[in-house]
Amino acid sequence: MSSEPKPAPFVDELTRGFWEACARHELRIQRCVACGRFRHFPLPACPACGSVDSTWAEVSGRGSIYSFVIVAQSVTPGFGDDVPYVVAWVELVEQQALRLVCNVLDCDPADVAVGAPVEICFEDRPDGVTVPQCRLAPGGEAA
Amino acid sequence: MRHGVAIAGIGYTAYGRQPDVTVDALALEACRNAIADAGLAHGQVDGLVSYHASDSVLVRDLAPALGVPELNWWCDISAGGTFSCAVVTHAAMAIASGMARTIVVYRALLGRSGKRMGRYRGELTGGVHQFMTPYGFSSAPQIFGMICRRHMAEFGTTKEQLGAVAITMREHARLNERAMRREPLTLDAYLASRIIADPYSLFDCCQETDGACALVLTRAEDAAAGPHEPVHILGAVHGGGPMPRIPFDAWPSFTASEFDRLGGQLYARAGLAPSDIDVALLYDAFTYEVVQQLEDFGFCGRGEGGPFAAEGHIALGGSLPVNPHGGLLSEAYIHGLNHVVSAVEQLRGDGGARQVPGAETALVTGFGFSAGSAMILGRANVV
């Protein structure tokens, strides 16, 4: 059922800055103003220093696959035609353990490996939602 | 935590697909069986506790039919398998503090015919799920498959080693008359089974179950007057790391669970070492979780859990028999409380064909990776 929409994020005040940046095709990650640590998923205070002051800092969009699964049996609306599809935890180069969930687009799942470098891209969905995604970096090799 | 509280009774229902019963009836049956097993009568309970992720029955809904005249302590916990041991230690703390005298701990669910945990939960697009569900990332095999994959990549853990866990659990279940899956499982059949979320295929995943089980906790002196030898809590832990939630966002290392820390705390509290454990009831919603916990609790080194399982150590007759009842993978998925029931059976010497000879200590765990609970249970002579 390719016409079935994929689930859209339920955006809240804590996460609005992230999704608004995505709509502009910018990857902006919550960053502590006091100590400079990035955090994702967003949190109302910095786990490291406790500061509640944060900003949305643009990051490079470069990272690597920390782990991944290949979903063969979809339980999510709108994904039935996509199986098998890859879901990855992508670790960004800016900070250790700074990770986001993406699908690895336009790939043969057999080419996906832990450590493989990726680049963030943006997927504009028919319902007007833009989500960050990733592709394997050209010429990249798994670490 | 040798605080004068003991497990005096166990009870359970049939496990399987039971579309014609209500979850309330299952809860009631398991609790009544546990009360009878403890040698107590209707109306002799004054505390209740359960945990409720997915399908369940709240304490306030169960208490009237159970005939609890005075509820002196109760707790409804919004959690899953992470709490399968914590729910017992919560009850123990309530008794030790004098809040209540006789507490029934239960878990009941129509996990197959009611709410199915593996199915898409469409309402979950807020909170952390706004960063997951839009990617088709929501079910437990998908989320927990991520930690398995990382271990495979870092340490070379193989699908065949995961298969050894599934097959060992199945071999144990074949000795258990109440297990849901008792037909043989071969490595070929395991490897050929349909993929759910690679690295997990069908037989890496636990059984969706309609059923219930329950325990009665009392003061140790009350338990000693009952029909069975009391089972004691030698030590317990219940905690989490800096990011204790699922799906482990920002978790430092996917190959080190929070049990890496809590395991040491548990042995220290019990005054025991890994070599003192006679039987282990390890939370096994998925095969890899056994591998992870073998390492976390010090039965083998980091990265060695796969070979340890494949070499037969975890089978009955091995150096560390794991889940002699067949586990969540092949006995049933009562959210881990059936592991506690099995541990009590083993320590009473009532394990039948699956009894670990002379078992006096049992490690029981409730696994959530970034948080969890665990206990070491023991017979009176090791208290």
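A. How the structure looks around the interface of chain A and chain B. Listed per partner, the contact involves 40 residues of chain A and 39 residues of chain B. Summed over both partners, the interface of chain A with chain B buries about 3,200 Å², with 61% contributed by carbon and sulfur atoms. When the area that chain A buries against chain B is broken down by residue, the three leading residues are Phe41, Tyr66 and Trp89 of chain A, summing to 20%. Applying the counting rule to chain A against chain B returns zero salt bridges. Secondary structure elements with two or more residues in the side of chain A that touches chain B: helix 1 (16-23), strand 4 (62-71), strand 5 (85-92), strand 6 (99-103) and strand 8 (130-136) of chain A. Taken together, the residues of the side of chain A that touches chain B sort by class into 30 nonpolar, seven polar and three charged. The pairing of strand 4 of chain A with strand 5 (residues 195-198) of chain B spans two bridges and is antiparallel. Bridge pairing links isoleucine 70 of chain A to aspartate 198 of chain B in strand 5 of chain B.

B. Representation of the sheet that holds strand 2 (residues 38-39) of chain A in the model. Residues and elements named next belong to chain A. Read from one edge to the other, the open sheet built from three strands follows the order 2-1-3, with strand pairing classed as antiparallel. Here the strands that pair on one side only, and so sit at the sheet edges, are strand 2 and strand 3 (54-58). Sheet topology note: the strand 1 (residues 28-32)/strand 3 ladder contains five bridges and is antiparallel. Bridge assignment links arginine 28 to a residue of strand 3, and that residue is glutamate 58.

C. Seen up close, the nonpolar core. In this structure, Val88, Val105, Leu215, Leu217, Leu294, Leu363 and Leu377 of chain B are the most contacted members of the largest nonpolar core, which totals 142 residues. Here leucine 363 of chain B is in contact with Leu266, Tyr267, Ile277, Val279, Ala280, Leu281, Leu282, Phe297, Phe299, Met375 and Ile376 of chain B, once residues within four sequence places are set aside.

D. Fine view of the sheet that holds strand 9 (residues 279-281) of chain B. Residue and element names in this part refer to chain B. Spatial ordering of the open sheet is given by 3-2-4-7-1-8-11-10-9, a layout of nine strands whose pairing is mixed. At either margin of the open sheet sits one strand with a lone partner, and together these are strand 3 (73-77) and strand 9. Neighbour-to-neighbour, the strand axes of the sheet open up by a mean angle of 25°, direction not taken into account. As judged from the five bridges shared by strand 2 (residues 47-51) and strand 3, these two strands associate in the parallel manner. Residue glycine 47 lies in a different strand from strand 3, and its bridge partner there is tryptophan 73. Against the sheet, helix 12 (residues 337-348) engages strand 1 (5-12), strand 2, strand 4 (102-110), strand 7 (210-219), strand 8 (231-240), strand 9, strand 10 (361-367) and strand 11 (371-378), with an angle of about 110° to strand 1.

E. Region of the structure containing the pattern of salt bridges. Counting across every chain of the model gives 27 salt bridges over all chains. A salt bridge links aspartate 82 of chain A to lysine 6 of chain A; the nearest nitrogen and oxygen atoms lie 2.6 Å apart. Remark: lysine 6 of chain A occurs in the segment before helix 1 and aspartate 82 of chain A occurs in the loop between strand 4 and strand 5; sequence separation between them is 76 residues. Its relative accessible area of 29% is what places aspartate 82 of chain A among the partly exposed residues. Taken together, the salt bridges that share partners define one network made up of Glu177, Arg178, Glu331, Glu345 and Arg354 of chain B.

F. The arrangement of helix 4 (residues 140-155) of chain B in detail. Residues and elements named next belong to chain B. Under the 1.5 Å per step criterion, the end-to-end length of helix 4 is 23 Å for 16 residues, consistent within 8% with the ideal 22 Å. Along helix 4, the helix axis deviates most sharply at methionine 146, where the bend reaches about 30°. Here helix 4 lies mainly inside the structure; twelve of its 16 residues are buried. Of the positions making up helix 4, those classed as buried are Pro141, Gln142, Ile143, Phe144, Gly145, Met146, Ile147, Cys148, Arg149, Arg150, His151 and Met152. After helix 4 finishes, the residue glycine 156 shows a positive phi value of roughly 75°.

G. Layout of the environment of proline 9 of chain A. Structurally, proline 9 of chain A can be placed in the segment before helix 1. C-alpha separation for the pair proline 9 of chain A and tryptophan 19 of chain A, spaced ten residues apart in sequence, amounts to 8.7 Å. In contact with proline 9 of chain A, other than residues within four places in its own chain, are Trp19 and Val129 of chain A together with Thr125, Gln130 and Pro134 of chain B.

H. Molecular detail of the packing of aromatic side chains. Following the criterion strictly, the structure yields 19 aromatic pairs over all chains and no others. Between phenylalanine 41 of chain A and phenylalanine 131 of chain B, the aromatic rings sit 4.9 Å apart at their centres with planes inclined by 15°, giving stacked as the arrangement. With phenylalanine 41 of chain A in the loop between strand 2 and strand 3 and phenylalanine 131 of chain B in the loop between strand 4 and helix 4, this residue pair bridges two chains. On the basis of relative accessibility, which here comes to 1%, the residue phenylalanine 41 of chain A falls in the buried class. Their ring planes at 40° and their centres at 4.9 Å tell us that phenylalanine 79 of chain A and tyrosine 85 of chain A sit as a pair that is tilted. On the basis of relative accessibility, which here comes to 1%, the residue phenylalanine 79 of chain A falls in the buried class. Using a relative accessible area of 6% as the deciding quantity, one classes tyrosine 85 of chain A as buried.

I. Looking closely at the packing of helix 1 (residues 23-37) of chain B against helix 2 (residues 59-66) of chain B. Residue and element names in this part refer to chain B. The geometry of helix 1 relative to helix 2 is characterised by a closest axis approach of 10 Å and an angle of 55° between their N-to-C directions. Taken together, the axes of helix 1 and helix 2 are oblique relative to one another. In terms of crossing hand, the pair formed by helix 1 and helix 2 is right-handed. Between helix 1 and helix 2, the contacting residues are Asp24, Ala27, Leu28, Cys31, Arg32 and Ile35 on the first element and Leu62, Ala65 and Leu66 on the second. Residues of the contact of helix 1 with helix 2, tallied by class, amount to seven nonpolar, no polar and two charged.

The rules behind the values
- Residues numbered from 1 in each chain as written.
- Chains lettered and ligands numbered in written order.
- Predicted model: local features only at pLDDT ≥ 70, side-chain atom pairs only at ≥ 80, totals over all residues.
- Heavy atoms only, no water.
- Contact = heavy atoms within 4.5 Å.
- Buried area = accessible area lost by both parts, 1.4 Å probe.
- Salt bridge = Lys/Arg side-chain N within 4 Å of Asp/Glu carboxyl O.
- Helix = DSSP H or I, 4+ residues; strand = E, 2+ residues; numbered from the N terminus.
- Nonpolar A, V, L, I, M, F, W, Y, C, P; charged D, E, K, R; others polar.
- Pairing = 2+ DSSP bridges.
- Core = buried A, V, L, I, M, F, W, Y, C linked by side-chain atoms within 4.5 Å.
- Buried < 20%, exposed > 50% of the residue type's maximum accessible area, 1.4 Å probe, protein only.
- Axes fitted to C-alpha atoms, helices over the stretch in contact; angles between N-to-C directions.
- Expected span 1.5 Å × (residues − 1).
- Bend = angle between axes of the 7 residues up to and from the residue.
- Phe/Tyr/Trp six-rings, centres within 6.5 Å; stacked < 30°, edge-to-face > 60°.
- Parallel < 35°, antiparallel > 145°, perpendicular 65-115°, else oblique.
- Left-handed = near helix turned anticlockwise from the far one by under 90°.

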